[in-house]
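One-letter residues, chain by chain:
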Number of protein chains: 2
Amino acid sequence: MNKIDVADIADIAKGAAILGAGGGGDPYLGRLLAERAVERIGPVRVVPVSDLPDDALVLPVAMMGAPTVIVEKPPAGDELVRAVAAIEGALGRPVTHIACLEAGGLNSMTPIATAAATGLPLIDGDGMGRAFPELQMVLPTLDGIPCSPMVMVDEKGNTVVLDTVDNTWAERLARGATVEMGCSASIALYPMTGKAARAALVPGTLGLAARLGRLVTECRAEHRDAARAVAEEMGGVVLFTGKVVDVARKTTGGFARGEAVLAGTGADDGAALTLSFQNEHLVAARDGRVVASVPDLICVLDAETGEPVTTEAMGYGYRVTVVGLPCHSRWRTREGLALVGPAYFGYDHPYLPVEHLARQS
Amino acid sequence: MNKIDVADIADIAKGAAILGAGGGGDPYLGRLLAERAVERIGPVRVVPVSDLPDDALVLPVAMMGAPTVIVEKPPAGDELVRAVAAIEGALGRPVTHIACLEAGGLNSMTPIATAAATGLPLIDGDGMGRAFPELQMVLPTLDGIPCSPMVMVDEKGNTVVLDTVDNTWAERLARGATVEMGCSASIALYPMTGKAARAALVPGTLGLAARLGRLVTECRAEHRDAARAVAEEMGGVVLFTGKVVDVARKTTGGFARGEAVLAGTGADDGAALTLSFQNEHLVAARDGRVVASVPDLICVLDAETGEPVTTEAMGYGYRVTVVGLPCHSRWRTREGLALVGPAYFGYDHPYLPVEHLARQS
């Protein structure tokens, strides 16, 4: 993938929303934002992570907040362009490349719109290979790359520049500001050199998202099981097929948190799956037994269309298939698990890779 | 007053704490901070507001947060020096004068320590002629002077730079960050030209504070009624003498809010006075009738020593005298009352000057 044109965007949004593991924002909203920008300005040039020159200044951009709110209060348009300019002001040098901080239906799209609007190339990669709810949860943190200077802007015209002692403090201060900004903010953060980005970013995220998006579209056309095809493509497993019978959700502390209960259908008839989420799905438990857990990806797809269903969109009666996909290998290290493993989120189960758990059952 | 030496500080802290109307921070803590700085570095040069050159860059500094917390978590020392440097970085030019944002036992003192540490002269004036709980509540707001760029720093080393669409948004975003910083932050804000400062600042605050502080000390030595002497000096009235019989206080939303009830003694025997506060005292009601209200100053003094008692220090059994002092005349205008009048704080009584209310009773 060396450029993104209007025709590519729907597939990327769909595939990135699968990788978003229930979070990363609404793919329909994201698609509209990116298509509007690319239609107006033209295709976005895409650069592989491995092609980055050492002295490039790479800037990931994203939306931060509760997806339940962002979907009702999308960015006005120029927020991220203002954020890029504010980072350039803080660093005193120009940004050379835009990047995705995470995969997600919205957070893969706002970087496309930002690249279009600024005329900068976009990196084919992201900071985690999925979406996570908190700012410090990116592979660059494992490499000791600071989040600061970080810029937050809102649709009203307010700008906040953070320079924090560590990335967890950036999350804490930025979350507070996000709540005041109305649970939704446009952010630019983790400015890094090309050399650092080559080591820290997950390569190929946009290309992978496009492939997954096309796969789902093809499966639907051919009446094939999209969830199974996605699981096979990614080396993951189909965890459950069922109907959403309960969703308890609240927007609190700047996150959309909650739990969904699925009643099994077909081969899973009589069983129940519980999904716990904080923007993204964190844990899937079948009849009380953990079958997938952070940092692995728990992805919910519409059972009929294969379309990804985000945590904020899940509702009673949805018929869905849940798949578990292996996370990036660095998340499975001791350092990775300390940052994003079950214990961080308050769970007491040990982490086991989703493909191992599947073999145990 | 053309300089502040160690010997001046105790009086200024005491007098400024009276002007702080229950807020503005603890005078004992403030005194220690300022004395330590001036002992170590030397006297601070003081410049009258009227002597400011047009092109001076005046920077008010303060502590922000809940006084209940600040008193337990005072600044480590270099926070405001870092804040001054961050403002200089944001504006790209050097600050020439430090100023007090408000009068108060702590917030008159941190500017002295900052002036000492930076070697800059201190302005004899402040932004309101008292203390108020929210950032936008300063006379510069009435002149259209923006709070931005505003810098917040904490004792851990985090820095936040705010650039907001108006001063109320600065308050909102800064309050959220203050809460995350542990309900206490060191701030630099309202950078303004000397010309703007001459029009907007209340002149002579430090000199007035020193006079009031000395007056209280003299009254104590001469067994005179300090509260009555302060009221006479300031054209105010003695509202009530009594004993604190109840204090309901909670630290919420980054403020110390609450209500205290006083049972009258002496001439006020049988009557009750209720004080409502949000960091500062907002309303004093005698047996349900408002006898003083924002923006006028409601000041509580120890009945025996005349020492100012801050809202966070008030406790059961304290014997106190409450005085009402007229606020700066600009607060009594339509624009002033819109910013800091009773309605803003959620009260439905009309504002009447404290000296008029006294004549009605």
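The rules we used
- Residues numbered from 1 in each chain as written.
- Chains lettered and ligands numbered in written order.
- Predicted model: local features only at pLDDT ≥ 70, side-chain atom pairs only at ≥ 80, totals over all residues.
- Heavy atoms only, no water.
- Buried < 20%, exposed > 50% of the residue type's maximum accessible area, 1.4 Å probe, protein only.
- Helix = DSSP H or I, 4+ residues; strand = E, 2+ residues; numbered from the N terminus.
- Pairing = 2+ DSSP bridges.
- Contact = heavy atoms within 4.5 Å.
- Buried area = accessible area lost by both parts, 1.4 Å probe.
- Salt bridge = Lys/Arg side-chain N within 4 Å of Asp/Glu carboxyl O.
- Nonpolar A, V, L, I, M, F, W, Y, C, P; charged D, E, K, R; others polar.
- Axes fitted to C-alpha atoms, helices over the stretch in contact; angles between N-to-C directions.
- Lys, Arg positive; Asp, Glu negative; His and termini not counted.
- Polar contact = N/O pair within 3.5 Å; in protein donor to acceptor, adjacent residues only side chain to side chain.
- Least-squares fit on C-alpha atoms with pLDDT ≥ 70 in both.
- Domains from an automatic or database assignment.
- Parallel < 35°, antiparallel > 145°, perpendicular 65-115°, else oblique.
- Left-handed = near helix turned anticlockwise from the far one by under 90°.

Residues and elements named next belong to chain B. Here strand β6 (residues 150-153) shows two buried faces, one formed by Met-150 and Met-152 and the other by Val-151 and Val-153. Note: β6 against strand β7 (residues 159-163), four bridges, orientation antiparallel. In the strand pairing of β7, Met-150 is matched with Leu-162. Counted between consecutive antiparallel strands, the loop separating β6 from β7 contains five residues, among which Gly-157 sits at a positive phi close to 115°. Two strands pair when backbone bridges link them, and β6 and strand β8 (residues 184-188) are joined in this way by three bridges, in the antiparallel orientation. Paired with Met-152 across the strands is Ile-187, a residue of β8.

Right, let's talk about the interface of chain B and chain A for a bit. Counting residues at the interface gives 18 residues for chain B, matched by 18 residues for chain A. Interface of chain B and chain A: buried area, both sides summed, is about 1,600 Å²; carbon and sulfur atoms make up 58% of it. Per-residue buried area on chain B facing chain A is highest for Asn158(B), Leu173(B) and Glu180(B); these three make up 34% of the total on that side. Where chain B packs against chain A, one counts two salt bridges. Of the charged contacts, one joins Glu180(B) and Arg172(A) as a salt bridge, the two residues approaching to 3.3 Å between their closest N and O atoms. Of all the elements in the fold, those that place two or more residues in the side of chain B that touches chain A are β7 and α7 (167-180) of chain B. It is α7(B) that contributes the most residues to the side of chain B that touches chain A, six residues altogether. Its residues assigned to classes, the side of chain B that touches chain A shows eight nonpolar, five polar and five charged. Bridge analysis of strand β7 (residues 159-163) of chain A against β7(B) gives five bridges, and the strand direction is antiparallel. Counted as the bridge partner of Val160(A) is Leu162(B) from β7(B).

Take the sheet that holds strand β14 (residues 280-286) of chain B next. Residue and element names in this part refer to chain B. Strand order in this open sheet of seven strands is β15-β14-β13-β12-β11-β17-β16, and the pairing throughout is antiparallel. Taken across any chain shown, the strands that pair with only one partner, and hence form the sheet edges, are β15 (289-293) and β16 (297-302). Here the average twist between neighbouring strands, direction ignored, is 35°. The sheet contact formed by strand β11 (residues 237-252) and strand β12 (residues 255-264) spans ten bridges and is antiparallel. What sits directly across from Asp-246, in β12, is Val-261.

All names here are of chain A. With respect to the element layout, Asp-26 can be found in the loop between α1 (6-19) and α2 (27-41). One buried charged residue, Asp-26, forms no salt bridge at all, with the nearest opposite charge on Arg-31 at 10 Å. At a separation of 3.3 Å, a polar atom in the side chain of Asp-26 contacts the main-chain amide nitrogen of Tyr-28. At 2.9 Å, the side chain of Asp-26 forms a polar contact with the backbone nitrogen of Leu-29. When near neighbours in sequence (up to four residues on either side) are disregarded, Asp-26 contacts Val-71, Gly-105, Leu-106, Thr-310 and Glu-312.

Another point: the pattern of salt bridges. Per the stated rule, a full pass over the model turns up 32 salt bridges over all chains. One salt bridge connects Arg228(A) with Asp225(A), and the closest N-O pair in it is separated by 3.8 Å. When its relative accessible area of 40% is taken as the criterion, Asp225(A) is described as partly exposed. Of the charged contacts in the structure, one is a salt bridge between Arg211(B) and Glu233(B), with a shortest N-O distance of 3.8 Å. Placement of Arg211(B) in helix α9 (residues 205-221) and of Glu233(B) in helix α10 (residues 226-234) is noted, with a sequence separation of 22 residues between them. Taking relative accessible area as the criterion, Glu233(B) reaches 42% and is therefore assigned partly exposed.

Let's shift gears to the relation of the copies chain B and chain A. Each copy superposes on the other: chain B lies on chain A with an RMSD of 0.0 Å after a rotation of 180° and an axial shift of 0.0 Å. Taken together, the rotation and translation relating the two chain copies correspond to the operation of a two-fold axis. A shared interface surface links the copies, since 100% of the contact residues of chain B are contact residues in chain A too.

All names here are of chain A. Under the domain assignment, chain A is made up of domain 1 (3-205) and domain 2 (225-360). Between the C-alpha centres of domain 1 and domain 2 there is a distance of 24 Å. Contacts between the two partners involve 39 residues from domain 1 and, on the opposite side, 35 residues from domain 2. Carbon and sulfur atoms supply 67% of the area that domain 1 and domain 2 bury against each other, a total of about 2,900 Å² over both sides. There are two salt bridges connecting domain 1 and domain 2. For Lys-14, the salt bridge is made with Glu-307, and the minimal N-O distance between the two is 3.2 Å. Here domain 1 is connected to domain 2 by 13 residue pairs in polar contact (both at pLDDT 80 or more). Put simply, the parts of the chain that give the side of domain 1 that touches domain 2 at least two residues each are α1, α3 (67-70), α6 (139-142), α7 (167-180) and α8 (194-200). Broken down by element, the side of domain 1 that touches domain 2 gets its largest block of residues, four residues, from α1. Partitioned by chemical class, the residues of the side of domain 1 that touches domain 2 number 21 nonpolar, ten polar and eight charged.

Residues and elements named next belong to chain B. Between α9 and α10, the least distance of the axes is 9 Å, while the angle of their chain directions is 150°. Judged on the interaxial angle alone, α10 and α9 are roughly antiparallel. Considering only the axes of α9 and α10, their crossing is right-handed. Here α9 contributes Leu-208, Arg-211, Leu-212, Leu-215, Val-216 and Cys-219 to the contact with α10, which in turn contributes Ala-226, Ala-229, Val-230, Glu-233 and Met-234. Tallied by class, residues from the contact of α9 with α10 come to nine nonpolar, no polar and two charged.

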